[in-house]
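Report on the structure
Listed below are the residues making up each chain.
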Amino acid sequence: MSKFCPVYPQPKKSKLARWKMFFSAQQSWLDGLYERSYQMHMGEVQLPGSKLYMVNQPDLVRKVLVDDVANYPKHSMLGKALEPLLGQSIFTTNGMLWKRQRSMMNPAFEQARMTVAFPRMREAALAMLERMAKASKHAPYDVDAEMTLVTADIIFRTIFTLPITSASAHKVFAAFAAYQNLTPKISLPTLYGLGWLVPFWTRRKSQRVAQEIREELAALIRPRFEAARQQADDSSSAGEDILGALLAAKDEHTGEGFEFEELLDQVAMLFLAGHETSASALSWALHL
């Protein structure tokens, strides 16, 4: 019996020339890797005007992300690519602003603990089973789309105590998918110093979709933001979800909470960072 090997991006035998790497990575940056990429501790790619480093060694990853994080700030290119959607969130900020935001968000991450999150995850999983039960047993079923939907549902339930079945949630979900498809078309040429090749209508569409997402999220956040401001002395008004924790968060130095735009930035970041990677992991797990 032969050993099973799942589908995976076949790495090239040797390192590609820069122009070949650019075209290979149009669909996925994994297609630009070569065999040694999976074994080296750290790799360097010289790009026009910049150098790209791939860090694989665990102790080096810890040095960059934990032990010596101040010396490895997020690149300005990341901010330019994601700020239309994420604004000044912890995904794009550095330095003292990042530290302030991160300390204020710690209580929100506490709301993701299993005793709070698991019942909502279970509700989303049961809703998924209902959808799957209604599907034809004699036709293919797009499980990747289903995993994307169920993880987005979990994120909505943990942030807002709101299922994805609501009209606003579905609008956000659809717009996020469009934004994620557009982002590589802008960021990859920019990484190669070819940002001028990106058509203005592609940038315009990306900005428009980002604005649509922010408007939908703002409509969900604003009523609770205003209610929390009116009932500032009543901590029970926050609610037992991530948005409630963010509404209750205070700066340890000033005692001030998040302003509305700051709150919107952080919620957008949590949604973007929270569901796509989990959905991909679930899809591949089912494939295996």
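Up top you'll find the structure we're talking about.
Attention in this report is confined to the structure presented alongside it. Note that the structure is predicted; figures quoted are calculated from it, not measured.

**A look at a nonpolar patch on the surface**
Taken together, Leu-126, Leu-129, Met-132 and Tyr-141 make up a surface patch of nonpolar side chains, about 330 Å² in accessible area. Counting through the fold element by element, Leu-129 comes out in helix α5 (residues 114-133). On the basis of relative accessible area, Leu-129 is assigned to the partly exposed category, the value being 49%.

**Here we look at the pattern of salt bridges**
Under the defined criterion, the tally for this structure stands at 13 salt bridges. Put simply, Arg-62 and Asp-67 hold a salt bridge, and the shortest N to O gap is 3.4 Å. Exposure remark for Arg-62: the relative accessible area of 47% places this residue in the partly exposed category. On the basis of relative accessible area, Asp-67 is assigned to the exposed category, the value being 53%. The partner of Glu-261 in a salt bridge is Arg-214, with the nearest N and O atoms 3.1 Å apart. Remark: Arg-214 occurs in helix α8 (residues 200-230) and Glu-261 occurs in helix α10 (residues 260-287); sequence separation between them is 47 residues. With a relative accessible area of 9%, Arg-214 lands in the buried category. Within the structure, one salt-bridge network assembled from shared partners comprises Arg-100, Asp-251 and Glu-262.

**Structural notes on the side chain of Thr-151**
Tracing the backbone shows Thr-151 in helix α6 (residues 143-160). The class for Thr-151 is buried, based on a relative accessible area of 6%. Dropping the residues within four chain positions of it, Thr-151 is found in contact with His-275, Ser-278, Ala-279 and Leu-282.

**As for the packing of α6 against helix α7 (residues 167-191)**
When two helices pack together, you describe them by how their axes are tilted relative to each other and by the distance separating the axes. With their axes 11 Å apart at the nearest point, α6 and α7 run at an angle of 125° to one another. Regarding the angle of α6 to α7, the classification is oblique. Relative to α7, α6 is oriented so that their crossing is right-handed. Counting all contacts with α6, which are made through Thr-148, Leu-149, Ala-152 and Phe-156, the residues of α7 involved are Ala-169, His-170, Val-172 and Phe-173. Its residues assigned to classes, the contact of α6 with α7 comprises 6 nonpolar, 2 polar and no charged.

**Describing the pairing of strand β1 (residues 42-47)**
What you see with β1 is a clean split: Gly-43, Val-45 and Leu-47 sit on the buried side and Met-42, Glu-44 and Gln-46 on the side with no burial. Sheet topology note: the β1/strand β2 (residues 50-55) ladder contains 6 bridges and is antiparallel. When the sheet's bridge partners are listed, Gly-43 is paired in β2 with Met-54. From the end of β1 to the start of β2, which pair antiparallel, there are 2 residues, and Gly-49 there has a positive phi angle of about 85°.

**Let's talk about the nonpolar core**
Counting 46 residues, the largest nonpolar core has Phe-160, Ile-213, Leu-217, Ile-221 and Leu-246 as the members making the most contacts within it. Of all the secondary structure elements, the ones that give two or more residues to this core are α3 (76-86), α4 (95-110), α6, α7, α8, α9 (242-248) and α10. Residues in contact with Leu-246, not counting those within four places in the same chain, are Met-105, Ala-108, Phe-258, Leu-263, Val-267 and Leu-270. In terms of nonpolar packing, the next biggest core, distinct from the first, is built from 7 residues, Leu-16, Phe-22, Val-45 and Leu-188 among them.

Definitions and cut-offs
Residues numbered from 1 in each chain as written. Predicted model: local features only at pLDDT ≥ 70, side-chain atom pairs only at ≥ 80, totals over all residues. Heavy atoms only, no water. Patch = residues over 30% accessible without salt bridge, like charges linked within 9 Å, V, L, I, M, F, W, Y side chains within 5 Å. Areas by Shrake-Rupley, 256 points an atom, 1.4 Å probe, with all protein chains shown as cover. Salt bridge = Lys/Arg side-chain N within 4 Å of Asp/Glu carboxyl O. Helix = DSSP H or I, 4+ residues; strand = E, 2+ residues; numbered from the N terminus. Buried < 20%, exposed > 50% of the residue type's maximum accessible area, 1.4 Å probe, protein only. Contact = heavy atoms within 4.5 Å. Axes fitted to C-alpha atoms, helices over the stretch in contact; angles between N-to-C directions. Parallel < 35°, antiparallel > 145°, perpendicular 65-115°, else oblique. Left-handed = near helix turned anticlockwise from the far one by under 90°. Nonpolar A, V, L, I, M, F, W, Y, C, P; charged D, E, K, R; others polar. Pairing = 2+ DSSP bridges. Core = buried A, V, L, I, M, F, W, Y, C linked by side-chain atoms within 4.5 Å.

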